[in-house]
Amino acid sequence: MTSTPKRPLLLASARTESAFEEIPIINLEHIDSKDPTIRRALADEIRDACVNVGFFYVKNHGIPAEIVSAAVSAAKRFFALPLPVKQAIDIHKSANFKGYTALLGENTNPENRGDLHEGFDLGWEDASGTSRSDDGAMTGENVWPEDLPGFKDAVLAYYHAATTKPAAIMRLLYYPPQTGEVDDRVQGIGAHTDYECFTMLWQDDVPALQVLNNAGKWIDAVPIPGTLVVNLGDQLARWTNDVFKSTVHRAVNRSGVERYSIPLFFGTDYNVKLEALPSCVSEEFPPKYEVVTAGEYVKSRLEATYAHSKAEH
Ligand SMILES: O=C(O)CCC(=O)C(=O)O
Ligand SMILES: [Fe+2]
């Protein structure tokens, strides 16, 4: 008996053949609607963006503006601290990448010479200071700067407004302007994909973020006030065997002024195996990736990103 070839469930929605020129804006206002058709229409919009672009803006995301602005001013105060105070909590001194990243400390694109940003990274911590106990390969306490009143509270308020107890990494980023002759191998953040399921990025009004479309063209993710930029990362791409796109992006700040952004990388629990879902695999589309745990994957990507500056510490 010949069986009809089964179309993988997720592939049933066709990917458009043309390369995207724009990043869709999705309104989350009715995400909790009691009407299932409204929720379904929203889900379809999100799924379309996940399959065809890998990036979308969200508006009416529900994070209060005052919590955002308090986190942003905390970031500005942190990056304005004297270098030795920031270096005291350098990311190389902590377990699993918590703390301060100096200029050129990270090199997200291995073909480059280092990223022209400073950063501050933290993992989940609740209001009483307790971090997750089950982070496996990514276990590590947060580190906080000395003498910066209100910093921790403002940063955690944003984290807690965005989510509850995930395997996530939150970052504060500062990009100095790049003016004059720009070395293409030193960018704000070099071309890369993100390591987790999806990223939710707050960016200020300084343009820098660019997204690579499937024709190899960089599309600007221009700042849109009141929105967050969401992009998919490698964990979802691996789970869906690349049905959902983990899209390459970079940031180059040629504006002449300083830029700040706050990405929050939502991952699956670190002990979960990233194994392609049966609905995304077929004879025609065999599994593309070897199976690893989410924690091992994120850790190995972070180790590669920071390898070039490790010897200095
Ligand atoms: O700052 C940005 O606009 C992008 C940051 C980013 O891509 C990252 O941290 O992975
Ligand atoms: Fe990124």
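Here the structure is a predicted model, which means the values were calculated and not measured. (Residues numbered from 1 in each chain as written. Chains lettered and ligands numbered in written order. Predicted model: local features only at pLDDT ≥ 70, side-chain atom pairs only at ≥ 80, totals over all residues. Heavy atoms only, no water.)

*Asks:* Please explain the coordination of the iron ion (ligand 2) as it appears in this structure.
*Replies:* Note on metal sites: the ideal angle is 109.5 degrees for four tetrahedral donors, and 90 or 180 degrees for six octahedral donors. Taken together, the protein ligands of the iron ion (ligand 2) are H192 (NE2), D194 (OD) and H249 (NE2), with distances of 2.1 Å. Mapping the donors of the iron ion (ligand 2) onto the primary sequence yields the spacing H-x1-D-x54-H. Of the two residues, H192 is situated in strand 6 (residues 189–192) and H249 in strand 11 (residues 249–251); the sequence distance between them amounts to 57 residues. By relative accessible area, H249 is classed as buried at 5%. (Donors = N, O, S within 2.8 Å, 3.2 Å for Na, K, Ca; no water. Helix = DSSP H or I, 4+ residues; strand = E, 2+ residues; numbered from the N terminus. Buried < 20%, exposed > 50% of the residue type's maximum accessible area, 1.4 Å probe, protein only.)

*Asks:* What exactly am I supposed to notice about the UniProt feature "domain: Fe2OG dioxygenase" (unreviewed entry) in the protein here?
*Replies:* Mapped onto the present numbering, the UniProt feature "domain: Fe2OG dioxygenase" (unreviewed entry) falls on residues 166–268. The distance separating the terminal C-alpha atoms of residues 166–268 is 8 Å; by composition the span is 6% helix and 42% strand. (UniProt positions renumbered as here; feature names shortened; annotations may be inferred.)

*Asks:* How do you make sense of the site of ligand 1 when you look at a structure like this?
*Replies:* With respect to spatial proximity, 13 residues lie near ligand 1, and among them Y175, H192, D194, R259 and S261 are the closest. Between ligand 1 and H192, the relevant distance is 3.0 Å, taken from an oxygen atom to a side-chain nitrogen or oxygen of the residue. In isolation ligand 1 exposes 300 Å². Once the protein is present, 96% of that is buried. Residue assignment for the shell around ligand 1 shows that the elements contributing at least two residues are strand 5 (167–175), strand 6 and strand 12 (259–267). Sort the elements by how many residues they give to the shell around ligand 1 and strand 12 lands first, with four residues. Of the residues contributing to the shell around ligand 1, the split by class is seven nonpolar, three polar and three charged. (Near = heavy atom within 4 Å. Polar contact = N/O pair within 3.5 Å; in protein donor to acceptor, adjacent residues only side chain to side chain. Areas by Shrake-Rupley, 256 points an atom, 1.4 Å probe, with all protein chains shown as cover. Nonpolar A, V, L, I, M, F, W, Y, C, P; charged D, E, K, R; others polar.)

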